[in-house]
Every structure is written in structure tokens, then in C-alpha cells.
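Structural features, examined
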Amino acid sequence: MQKITFCFCWLAQQATHHRLRTNRLSPPFHSSLLLYSSHLPIQAAENSSSSIAISPNTVESRHFSPLSRSHQAKGFPGTSCSHRAASPALRNLIFPSSLCFQMASSVISAAASASPSACPVTDLLKGKAKLGSGNVGSLFIKDKGNPFLNSKSCGRITMAVAVNVSRFEAITMAPPDPILGVSEAFKADNDEKKLNLGVGAYRTEELQPYVLDVVKKAENLMLERGENKEYLPIEGLAAFNKATAELLFGADSPVISEQRVATIQGLSGTGSLRLAAVLIERYFPGAKVLISSPTWGNHKNIFNDARVPWSEYRYYDPKTVGLDFEGMIEDIKAAPEGSFVLLHGCAHNPTGIDPTPEQWEKIADVIQEKNHIPFFDVAYQGFASGSLDQDAASVRLFAARGMEIFVAQSYSKNLGLYSERIGAINVVCSSSDTAARVKSQLKRIARPMYSNPPIHGARIVANVVGDPALFGEWKAEMEMMAGRIKGVRQKLYDSLTSKDKSGKDWSFILKQIGMFSFTGLNKIQVTNQSATLLLYHKSMNSQ
């Protein structure tokens, strides 16, 4: 018969200055099982599956509890637990929490035969045994170096079991992103016939991402020049900021020459929108943002996270599969004065429906009358029509009227720089002094958010726009991509009109522009097509 003392871990949070601070166990706990016993008589066989082998050796295990150095210095036994009797196989063994339950079973079995009067473990599990009760004296090792207890060992086992409840227990599983989640499902499908229609990314005929030739040349220039990877200023690369503002407003625009544009480089369109959203929340408290119905799936997330209230204005008309222009105008007029109106500069996502030039004029009239602030999201300049100037016409119309406006830009599509996260936020102000102050606050917002933007994509844009030869090649490649998309639309229209004998007018497919198209199909029809043709797309009623 041998006596064995176990201490698998220690309630370090419960003890200080050699006395207990409380009579109840409270989180946080170090392990999923807390087991303590004192001088428990155990008789065990060497190879027994239900007990622990015992020999006269002593094993020191030093991996039990993360006590602070100050606690260790005071003699808390959490970091060095002595097993008075153990087999050589257990020497220097580290007991993870996953093994504690097995060890506990052995000790409980031995205790049941050795001490019938022991406090039932079930009582402990039900919370009936508490610290400070008669049976808890055996919770701590009674040794010369342990001043915690003066009571005698009663030969009983007392065990405290506590589940390691995570501090993150209240965090629920987030739903998959409605857009990126489609891509995840697409990748998980092994069928060769599958087709991903969810993410707006240009693909070759082989369904591979397309890297523009002009991008490869710009990157080669960067290598030849031996450009470094030094931190950019908070506002980004100066050459990029100059190039992107001139592409958007025109190099000869008064807002450029009068220095009335506050431009800072952002993390593509999403990051640029977020910077503007935070600026709105800070300096236009209570102002609402009007968002088209439908819109890009991330718009609402961005404003929600920035705590900016938003509402929707009518945009898509399912009856005509076109623009609900009258509803749009009515909703903009009805909005509180001074609201922000989020507009898609070109190639509306996800409908592909853009206002006509005459309709843009009317929209500008109403926004001016209501003293609203236009907020453009320009993600497809040059990629929609193939012309940088044509796709920026709506923004330039509002700027030419002397209106103060927000414009977020992205180069993910028109230069194929999806993973480079390159874009910008531009704020057109009434004066250069105002623009300087706005820029200072945008920098202040960016600093704690991401400190400074990445340099690689910014240099690509600056090199392409700054080199006349490369700039010409870029415009030619944009025309090619835009032309190919238009050609796909034409093929779809021709196929539908030749096969559909219902007399339905499919001409809206040709009137829409850019990468997205609303087909006018209902949810049941879309679901049926998805199942039979292995199409992956966003789950919307009319897409």
C-alpha cells in the first residue's frame, strides 16, 4: 500500500498571500478539469487499465498552471507539482487537460474502494461540496511547504471539476458572406461543368483570372528600377493620388487646378468607402445615406459598421427589367435635407442598369434642390464602356456644377488588380483650404485603421498612367475587355430570342452595361437553373 499525492493544476486565481480569497470556484480556470487530493491510499497494479502504476520514485512535472512570477516567488505550488509515487513511465510527464478525465477515473475508482465515506463526486459536480466545507480540506496538498491548511487529512478524495468556459462563448457563428460564400461553395464542387456567376471578376475563355499585359510591363519597370518597399505616407503614394484624381475628374478640371480635391489612397473600393463612412459619422452626425435598391452587397455592411444610418431608394423595376426612374426621384426628394445619396458612377452593381445622360441631369437637379451630398462609388471606370472619359461623365457632371461630392474609386476591375487592394477616396470641396482640412481628417481616420496603404498596386497605376505608351496600351486592353463583355451579352440575347417562343422582349440585356445583368427570372427559375446547370450566383429574386 502506498500513499500518493496528486496536484494536476492549481486555482491560482483563488489564492494570494497564503490564504483563499473566496469560498467558491469562479472562472477563469486553467484547465477543463481541476483535481486535488491529499494522501489518498491507493493500491495499483503495474499494468492495470483502471489505475495508475506506482513506484517509490518522485516525478516533477512543471507544466500545470501559468502563475505569474510574483505568485511563484510566494510559494504557490501551481508550477511544480510533486507526485510522491509514480512509475518511471510517468517521469517528467506533462498531463494535458484531455488526459485529466482518464486520471480522474482512476483516482475515483481507487478512492471508492479505499474510502467508502468519501464525499460523493456527484455531489461535487452538482455544486454541493464547496470550498470551506468539511470535505474540502483535502483539496490542497498537505505538506510542510504548504501553509494553506491546518486540518488533518480525512483520507477522502475531494474533486472539483469545472468546464473551461471560453470568454468567447457568447460569440455565434457568422453566416457566410452572400458573395464570397458563393465562391467557397463553387471551389468545393468538383464537377468540371460548374460555373461561378457570383463574384464580379473578369475571366479568360479558360475561366482563369486575366493579368493585363500592361500590368506585367509596369511590374518589370519596378524591378528594373530597383524600387524599395519603404512605408508610404498615410495618404499614400503621391504619384498615384495625382494620377487617380486626374483620371476621375479630368486633368484640366477646375477642381484639380484649384486644389479643391482631398484625395488619399485607400484599400480598394471597400476601404475607400469605409474612410468616407467614418468621416460622415464624425462630422455629419445623424445624417442618413440613401442606397439604391438593390445595391452591391457590401455597401450596407460598410455603413452599418461605421454606425451610419441608411435607407433605400427605388432603383430597379422588375416589370420593365429597367430603371425605376420616377421612384428613384421621388425617394431622393422625400429624404431629409442634407442626406448623402450613394450613386454608382457607371455599370451599376448588380443590375447593370445605368441612368441616361438626361436622367443624370435630373438626378443632379433634385440633389442640388434638396441640398444633398452626392456620394459616388466608381468601381468600373473604363471597364464598362471601354472609355475612361465616358464612364466618368456622371461624376464630372456633378463636379462641373460646383457641388461638393464624395467619390470612392477602385482599380480591381479596370486594371485587374483584385488582390492589390488599390483605390482612393476623393472629396471635392468648395475651397482648397477646406480640402486640406478634410484630407487631414481622412489621414487621421486612416492612421489607426491601417496606418498606411500598400505600395505595389499604387506604383503599378502610377507607372501605367504616367507613361504615355503604357497608358495607351491600358486603354486598348480596357476596350478589349469591355468589348468582349458586350459580345457575350449579344450572344446571350441572340440565343434567348432564337429559343424563347413566348414573345418576351429580351432587349434589356443589350441595354444593360458592365459585368452584371438582371435577367428578370424569378427565384424558382433561378434555383432550377442553378441545380441543372451547376451555376453559382448570389441568391436574389431577380438575378
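Above this text you will find the structure in question.
Residues numbered from 1 in each chain as written. Predicted model: local features only at pLDDT ≥ 70, side-chain atom pairs only at ≥ 80, totals over all residues. Heavy atoms only, no water.

1. A short note on the packing of helix α5 (residues 213–225) against helix α16 (residues 468–499)
A packed helix pair is summarised by two numbers, namely the angle formed by the two axes and the spacing between the axes. Where we set the bar: To obtain an axis, a line is fitted to C-alpha atoms, over the contacting stretch when the element is a helix, and the angle between two such axes runs from 0 to 180 degrees between their N-to-C directions. Secondary structure elements follow DSSP: runs of H or I no shorter than four residues count as helices, runs of E no shorter than two count as strands, and numbering proceeds from the N terminus. Under this scheme an angle from 65 to 115 degrees is roughly perpendicular, one under 35 degrees roughly parallel, and one over 145 degrees roughly antiparallel; angles in between are oblique. Whether two residues are in contact is decided by their heavy atoms: any pair within 4.5 Å suffices. Here the nonpolar group is Ala, Val, Leu, Ile, Met, Phe, Trp, Tyr, Cys and Pro; Asp, Glu, Lys and Arg are the charged ones; every other residue, Gly included, is treated as polar.
In contact at an axis separation of 9 Å, α5 and α16 are set at 155° when each is read in the N-to-C sense. Relative to α16, the element α5 lies roughly antiparallel. Facing α5, whose interface residues are D213, V214, K217 and L221, α16 presents L470, E473, W474 and E477. For the contact of α5 with α16, the per-class residue count stands at four nonpolar, no polar and four charged.

2. Regarding the pattern of salt bridges
Quick reminder of the rule: By convention in these notes, a salt bridge is any Lys or Arg side-chain nitrogen within 4 Å of a carboxyl oxygen on Asp or Glu. The classification of residues rests on relative accessible area computed with a 1.4 Å probe and restricted to protein chains. Under 20% of the type maximum is buried, over 50% is exposed, and intermediate values are partly exposed.
Tallying each qualifying case throughout the model produces 14 salt bridges. Measuring nitrogen to oxygen at the nearest pair gives 2.7 Å for the salt bridge that ties E473 to K217. Here the residue E473 occupies a position in helix α16, and K217 occupies one in helix α5, the gap between them amounting to 256 residues. On the basis of relative accessible area, E473 is assigned to the partly exposed category, the value being 29%. Judged by its relative accessible area of 39%, K217 is partly exposed. Several salt bridges share partner residues, and in doing so they unite R225, E227 and R459 into one network.

3. Describing the pairing of strand β18 (residues 422–428)
Stated formally: In short, DSSP must find at least two bridges between two strands for them to pair.
Here β18 lies mainly inside the structure; seven of its seven residues are buried. Burial of the side chains of β18 extends over both faces: I422, A424, N426 and V428 are buried on one face and G423, I425 and V427 on the other. In the sheet, strand β10 (residues 261–267) pairs with β18 via seven bridges, with the strands oriented antiparallel. Across the sheet, residue T263 finds its bridge partner in β18, namely N426. One ladder, built from six bridges, connects strand β17 (residues 405–410) with β18; its direction is antiparallel. Across the sheet, residue I405 finds its bridge partner in β18, namely V428.

4. What to know about the environment of D500
Let me state the cut-off plainly: Any pair of N or O atoms that falls within 3.5 Å is considered a polar contact. Within protein, one atom must be able to donate a hydrogen and the other to accept it, and sequence-neighbouring residues count only if both atoms are side-chain atoms.
Residue position: D500 is located in the loop between α16 and α17 (508–511). For D500, a relative accessible area of 25% puts it in the partly exposed group. Within polar-contact distance, the side chain of D500 engages the side chain of S502 at 2.8 Å.

5. Section: the environment of S385
Along the chain, S385 falls in the loop between β16 (373–378) and α12 (388–391). Sequence separation of S385 and A347 is 38 residues, and the distance between their C-alpha atoms is 8.5 Å. The residues touching S385, leaving out its near neighbours within four places in the chain, are Q390, D391, A482, K486 and I513. Here D391 takes part through its side chain, which lies 2.7 Å from a polar atom of the side chain of S385.

6. Quick notes on the pairing of strand β15 (residues 340–344)
Convention followed: Looking down the strands as they point away from the viewer, one classifies a crossover as right-handed if the path from the first strand across the helix to the second runs clockwise.
The buried fraction of β15 amounts to five of the five residues, a majority that puts the element mostly inside the structure. Every second residue of β15 is oriented toward a common face, with F340, L342 and H344 on one face and V341 and L343 on the other, all of them buried. Sheet topology places strand β11 (residues 289–293) next to β15; two bridges connect them, and they run parallel. Looking across to β15, one finds that L290 is bridged to V341. Note: β15 against β16, five bridges, orientation parallel. Residue pairing in the sheet places V341 in a bridge with P374 of β16. With respect to chirality, the unit in which β15 leads through helix α11 (residues 357–369) into the neighbouring parallel β16 is right-handed.

7. Notes on the packing of aromatic side chains
Rules: Only centres within 6.5 Å qualify two rings of Phe, Tyr or Trp (six-membered ring in Trp) as a pair; their planes then separate them into stacked at under 30 degrees, edge-to-face at over 60, and tilted for everything else.
Taken as a whole, this structure holds 16 aromatic pairs when the rule is applied. Here Y316 and F518 contribute two aromatic rings whose centre-to-centre distance is 4.6 Å and whose plane-to-plane angle is 75°, an arrangement assigned as edge-to-face. Of this pair, Y316 sits in strand β13 (residues 316–317) while F518 sits in the loop between α17 and α18 (523–533); the two residues are 202 residues apart in sequence, bridging distant segments of the chain. Using a relative accessible area of 12% as the deciding quantity, one classes Y316 as buried. By relative accessible area, which is 3% here, F518 ends up buried. Pairing Y380 with F516 gives two aromatic rings, centres 6.4 Å apart and planes at 75°, and the pair type is edge-to-face. Of this pair, Y380 sits in the loop between β16 and α12 while F516 is found in the loop between α17 and α18, placing the two residues 136 residues apart along the sequence. Note on Y380: relative accessible area 6%, which makes it buried. Residue classification places F516 among the buried residues on the basis of a relative accessible area of 8%. One aromatic cluster is present, built from ring pairs that chain together Y202, Y210, Y380, F383 and F516.

8. Remarks on the nonpolar core
A general feature of soluble globular proteins is that nonpolar side chains tend to end up buried together. Stated formally: Residues belong to a common nonpolar core when they are buried Ala, Val, Leu, Ile, Met, Phe, Trp, Tyr or Cys residues joined through side-chain atoms within 4.5 Å.
One finds L212, V214, F240, Y411, L415, V461 and W474 to be the most contacted residues of the largest nonpolar core, which totals 38 residues. Within the residue set of this core, elements represented by two or more residues are α5, α6 (238–249), β18, α15 (456–466) and α16. The residues touching L415, leaving out its near neighbours within four places in the chain, are L212, V214, V215, V461 and W474. Formed by 37 residues, the second largest nonpolar core is a distinct cluster that contains L323, L343, L397 and F508.

9. Digging into the side chain of H344
Note on placement: H344 falls in strand β15. Separated by 3.3 Å, the side chain of H344 and the backbone nitrogen of N349 make a polar contact. Those residues in contact with H344 that lie beyond four places of it in its chain are S292, T295, W296, H299, N349, W360 and D377.

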